[in-house]
Amino acid sequence: MKRSLLILGSNFSFEEKKILSYAESHRIPARFHDSRDLSIVVRSGGIELQHGKKSYTEIFKRSFLIIRRTRHDSEKMVSLSLLADHWKIPHTDSTVSIMTNVDKRLFMPLLKSKILRAIDTVFWKKGDAWTHHDSFPLIAKPATGWHGEGIEVLREKKDLTNF
């Protein structure tokens, strides 16, 4: 079966344009599809992927998938990755990597450095309780944040109450 390249994401930007340009220059059939336009439908006969009222299942199954990590449609990206695993469709990024990108509390990477002193860091989500934080300074990072938005440096215990 000849496969094309299918980029799934929720925004079309510089990286997606570069991937499509590369594919075109190497005569690789490729397309981008906004994941927000896709629906996963469970029927008595099985699972179907739909775009509007049309089936998208065969296009999905006949593709190499580039699943873009996105916070605009993160739950769908996890579902599409699980569906690709289920149907044994080759794709970038593991389901775990997509899930941990969505909520960093699911996976806290360990960083050991002999050169840099690591500052205690906590990943938080609104509504989480603050406990056991007696070591300062403390970096507080949003569990679902990106590009440094919402990061705070808490220098002393009283900063917890203002946070």
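Residues numbered from 1 in each chain as written. Predicted model: local features only at pLDDT ≥ 70, side-chain atom pairs only at ≥ 80, totals over all residues. Heavy atoms only, no water.

Attention shifts here to the nonpolar core. The biggest cluster of nonpolar side chains holds 16 residues, and the ones touching the most others in it are L8, L49, F60, L65 and L80. Listing elements by their share of this core, those giving two or more residues are β1 (4–9), β6 (63–67) and α3 (74–86). For L80, the contacting residues outside a window of four places in its chain are L8, S35, L38, I40, L49, F60 and I67. (Core = buried A, V, L, I, M, F, W, Y, C linked by side-chain atoms within 4.5 Å. Buried < 20%, exposed > 50% of the residue type's maximum accessible area, 1.4 Å probe, protein only. Helix = DSSP H or I, 4+ residues; strand = E, 2+ residues; numbered from the N terminus. Contact = heavy atoms within 4.5 Å.)

Here the focus is unusual backbone geometry. With a phi close to 55 degrees, R27 is a non-glycine residue in the positive phi region. Relative to the elements of secondary structure, R27 occurs in the loop between α1 (14–25) and β2 (30–34). For K88, which is not a glycine, the phi torsion comes out positive at approximately 55 degrees. With respect to the helices, strands and loops of the structure, K88 is situated in the loop between α3 and α4 (95–102).

Here the focus is a nonpolar patch on the surface. Taken together, the side chains of I40, V42 and I47 present a nonpolar region at the surface, about 250 Å² in accessible area. The residue I47 is located in strand β4 (residues 46–51) in this model. A residue is classified by how much of its surface remains accessible, and I47, at 35% relative accessible area, is partly exposed. (Patch = residues over 30% accessible without salt bridge, like charges linked within 9 Å, V, L, I, M, F, W, Y side chains within 5 Å. Areas by Shrake-Rupley, 256 points an atom, 1.4 Å probe, with all protein chains shown as cover. Salt bridge = Lys/Arg side-chain N within 4 Å of Asp/Glu carboxyl O.)

Locating H26 in the fold gives a position in the loop between α1 and β2. A distance of 3.0 Å separates the side chain of H26 from the backbone oxygen of Y22, its partner in a polar contact. Polar side-chain contacts of H26 include one of 3.0 Å to the side chain of S25. (Polar contact = N/O pair within 3.5 Å; in protein donor to acceptor, adjacent residues only side chain to side chain.)

Per-residue confidence for the protein gives a mean pLDDT of 80, with 73% of residues at or over 70. In the model of the protein, strand β7 (residues 120–124) stands out as the element of lowest mean pLDDT, 68, in contrast to helix α2 (residues 57–61), which has the highest, 95. (pLDDT = per-residue confidence, 0-100.)

Another aspect to go through is the pattern of salt bridges. Within this structure, the stated rule accounts for 5 salt bridges. Between E16 and R68 there is a salt bridge, with the nearest N and O atoms lying 2.7 Å from each other. With E16 in helix α1 and R68 in the loop between β6 and α3, this pair connects stretches of sequence that are 52 residues apart. Given a relative accessible area of 21%, R68 falls into the partly exposed group. As a salt-bridge pair, E48 and R43 come within 3.2 Å of each other at their nearest N and O atoms. A single salt-bridge network, built from bridges that share partners, covers E15, E16 and R68.

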